[in-house]
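# Descriptive analysis of the structure
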Amino acid sequence: LHHQNVYSWTSLICGHIQFEQIQHVFPIYEKMQEYGVHPCSHTFVALLKTCTILKDVKKGKRVHIESAQNGFRNDVFVNTALIHMYFNFFSPSEAQQVFNDMIIHDVVSWNALISGYGQHELGHEALKCFNQMQDEGMHPDAVTYICILKVCGNKGFIEVGEDIHAKIKRQGFLRKDIVLGTSLVNMYAKCRMMGKAHQVFEELPVRNVVTWNALITGYAQHGLSNEALKCFKQMQTDGFSPDAVIYICILKVCAFLGSLEIGEDIDVEIRKQGLLEKDAVLGATLIDMYAKCGALHKAREVFDQLPTQNLAAWTALIAGYARNRLGDEALQCFKQMKDKGVMPDVVTYICVLKVCAIVGSLSIGEDIFVDVRNMELFQNDVMLGNTLVGMYAKCGALNKAQEVFEQLPVQDIVSWNALIAGYGQLGQANIALNLFVKMRTKGIIPDWVTVLV
């Protein structure tokens, strides 16, 4: 270009962001300044987006200062980008301060504030903003409603959700916004009102795969597996092709019901569409389905055919062997996984520790304890800590079980039960009963497991 102005420079920056070449963004910005070209509001929006992606708080604050110095302190676009950035930096108070300092609040900035609070599970704050927005005379748009319906679903604010549903119907939004309709179905499903969710679904003039997914997932999550399967079949009858998300949901339903035949049919569909090569989670879910249906040879077959055997796939296979009391096979898989250079996570460790407890493999359990202690995992994960206590107790190493128990940051009913059961099983009834008394003095209420022990 003969003349490189702020718009061509900004286009270059945006292009690098779009194609995920983030590392070039700030060098381009610095070069732009060297050429004496002053940034515009769109430049700062792009830079703030880059800081958000990089999670670079220091650079984000620097861009915030520079945007103000360049005269964009009251620019709606820049301030909205700042709100998004600070929420992504887990700084709701700074996001709120940016909003408070704005002279003009438009619906986009309100939406940024509401969605930010929603993303951080600050439902009451999101609802407060939603009400304040309307009190100040600003009318919500479809995006606002989508944000607040998500909050209502996550927090169980069903009365607010129903009021919003009524407003949406009055304003005729459902006739033209499929995303809003899907959000409404999802909100009712999360609030355990599947009758209302299905009613809204039936009234929608247009549906897509995402809408079907909201309904099917709702039924599956609330244990209404047969209804989920019925919707899945109806969806296909209506001419919709399921995506990986729906297949994952239905495979979990098949695993829950033990419906091997339906699971096998879905396996055929998945392979025809070539989805196993594209979605690692789908492969792990298919392995898990076969394992829970007792078809371990099929689970292993799927595993061996995966183009990439990632941690989720290995963990699903190990868990499958463990669930079917094939401890030696599970431990062999665990060894193979580590030999292949795949590092276990907390879920894998918990699964293998349970196997060690079943087969009495204290040596492998101790190796895992060394690993999780070095990585400082068990101090930060209650379930992992409890599983370690249970493993040592069931392997008869009560001193080690007691040692791990004492190191736990939180000693809940599960960890107390594991320790008490360990002493009880080895005939040390007095110690077990003393622990029971001590547990109660700590304010831990016994459950049915404690009573059985």
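These lines cover the structure that appears in this document, whether it is placed above or below. (Residues numbered from 1 in each chain as written. Predicted model: local features only at pLDDT ≥ 70, side-chain atom pairs only at ≥ 80, totals over all residues. Heavy atoms only, no water.)

### Here we look at the packing of aromatic side chains
This model, assessed by the stated rule, comprises 14 aromatic pairs. For the pair Phe 87 and Tyr 117, a centre-to-centre distance of 5.1 Å together with 75° between the ring planes defines the contact as edge-to-face. One end of the pair, Phe 87, is in helix H5 (residues 76–88); the other, Tyr 117, is in helix H7 (residues 107–119), and 30 residues separate them in sequence. Each member of the pair, Phe 87 as well as Tyr 117, is classed as buried. On the numbers, 4.6 Å between centres and 70° between planes, the contact of Phe 201 with Trp 212 is edge-to-face. On the criterion of sequence distance, the pair formed by Phe 201 in helix H12 (residues 194–203) and Trp 212 in helix H13 (residues 209–221) is long-range, its members being eleven residues apart. Assessed through its relative accessible area of 1%, Phe 201 is described here as buried. (Phe/Tyr/Trp six-rings, centres within 6.5 Å; stacked < 30°, edge-to-face > 60°. Helix = DSSP H or I, 4+ residues; strand = E, 2+ residues; numbered from the N terminus. Buried < 20%, exposed > 50% of the residue type's maximum accessible area, 1.4 Å probe, protein only.)

### A short note on helix H8 (residues 123–135)
Look at H8: 18 Å from first C-alpha to last across 13 residues, which is about the 18 Å you get at 1.5 Å a residue. If you check which residues of H8 are buried, you get Gly 123, Ala 126, Leu 127, Cys 129, Phe 130 and Met 133. One face of H8 carries all of its buried residues, which in axial projection span an arc of 155°. Residues of H8 that are exposed and point over 90 degrees away from its buried face: His 124, Lys 128 and Asp 135. Those residues of H8 that are buried are in contact with helix H6 (92–101), H7, helix H9 (142–155) and helix H10 (158–171). Just past H8, the residue Gly 137 takes up positive phi, approximately 85°. (Expected span 1.5 Å × (residues − 1). Arc of directions from axis to C-beta. Contact = heavy atoms within 4.5 Å.)

### Quick look at the nonpolar core
As a rule of thumb, nonpolar side chains are buried together in soluble globular proteins. Counting 152 residues, the largest nonpolar core has Ile 83, Ile 216, Leu 282 and Ile 287 as the members making the most contacts within it. Here the element with the most residues in this core is helix H15 (residues 244–257); it accounts for ten residues. If sequence neighbours within four positions are ignored, Leu 282 has contacts with Ala 244, Tyr 247, Ile 248, Leu 251, Ile 270, Leu 275 and Leu 276. (Core = buried A, V, L, I, M, F, W, Y, C linked by side-chain atoms within 4.5 Å.)

### Considerations on the environment of Tyr 7
Structurally, Tyr 7 can be placed in helix H1 (residues 6–18). With relative accessibility at 55%, the residue Tyr 7 sits in the exposed group. A C-alpha to C-alpha distance of 15 Å links Tyr 7 and Val 25, two positions 18 residues apart in sequence.

### With respect to the packing of H7 against H9
Axis separation between H7 and H9 bottoms out at 9 Å; the angle between their running directions is 15°. In terms of axis orientation, H7 runs roughly parallel to H9. Remark: the crossing between H7 and H9 carries left-handed chirality. Taken together, the residues of H9 that come into contact with H7 (itself represented by Val 107, Asn 111, Ile 114, Ser 115 and Gly 118) are Val 143, Thr 144, Cys 147, Ile 148 and Val 151. Of the residues belonging to the contact of H7 with H9, the class tally is six nonpolar, four polar and no charged. (Axes fitted to C-alpha atoms, helices over the stretch in contact; angles between N-to-C directions. Parallel < 35°, antiparallel > 145°, perpendicular 65-115°, else oblique. Left-handed = near helix turned anticlockwise from the far one by under 90°. Nonpolar A, V, L, I, M, F, W, Y, C, P; charged D, E, K, R; others polar.)

### Considering the pattern of salt bridges
Overall, the coordinates contain twelve salt bridges when judged by the stated rule. Of the charged contacts, one joins Arg 62 and Glu 66 as a salt bridge, the two residues approaching to 3.2 Å between their closest N and O atoms. With Arg 62 and Glu 66 both in helix H4 (residues 57–69) and four residues apart, this pair spans about one turn of that helix. We classify Glu 66 as buried; its relative accessible area is 15%. Overlapping salt bridges, with partners in common, bring together Asp 288, Lys 292 and Arg 323 in one network. (Salt bridge = Lys/Arg side-chain N within 4 Å of Asp/Glu carboxyl O.)

### Here we look at the environment of Asn 79
Along the chain, Asn 79 turns up in helix H5. Its relative accessible area of 4% is what places Asn 79 among the buried residues. Of the polar contacts made by the side chain of Asn 79, one reaches the backbone oxygen of Arg 73; its length is 2.9 Å. (Polar contact = N/O pair within 3.5 Å; in protein donor to acceptor, adjacent residues only side chain to side chain.)

### Quick word on the side chain of Thr 182
Assignment of secondary structure puts Thr 182 in helix H11 (residues 178–190). In this structure, Thr 182 is in contact with Asn 208, Val 210, Thr 211 and Ala 214, ignoring residues within four places of it in sequence.

### Focus: the packing of helix H19 (residues 311–323) against helix H20 (residues 327–339)
At their nearest, the axes of H19 and H20 sit 8 Å apart, and the two run at 165° to each other. Classified by the interaxial angle, the pair formed by H19 and H20 is roughly antiparallel. The way H19 lies across H20 gives a crossing that is left-handed. Where H19 approaches H20, its residues Leu 311, Trp 314, Leu 317, Ile 318, Tyr 321 and Ala 322 are matched on the opposing element by Glu 329, Ala 330, Cys 333, Phe 334, Gln 336 and Met 337. Of the residues belonging to the contact of H19 with H20, the class tally is ten nonpolar, one polar and one charged.

### Some words on H6
Taken together, the buried positions of H6 are occupied by Ala 95, Gln 96, Val 98 and Phe 99. Along H6, the residues classed as buried sweep out an arc of 155° about the axis, all on the same side. Looking at H6, the residues exposed on the side facing more than 90 degrees away from the buried face are Ser 93 and Asp 101. Buried residues along H6 sit against H4, H5, H7 and H8.

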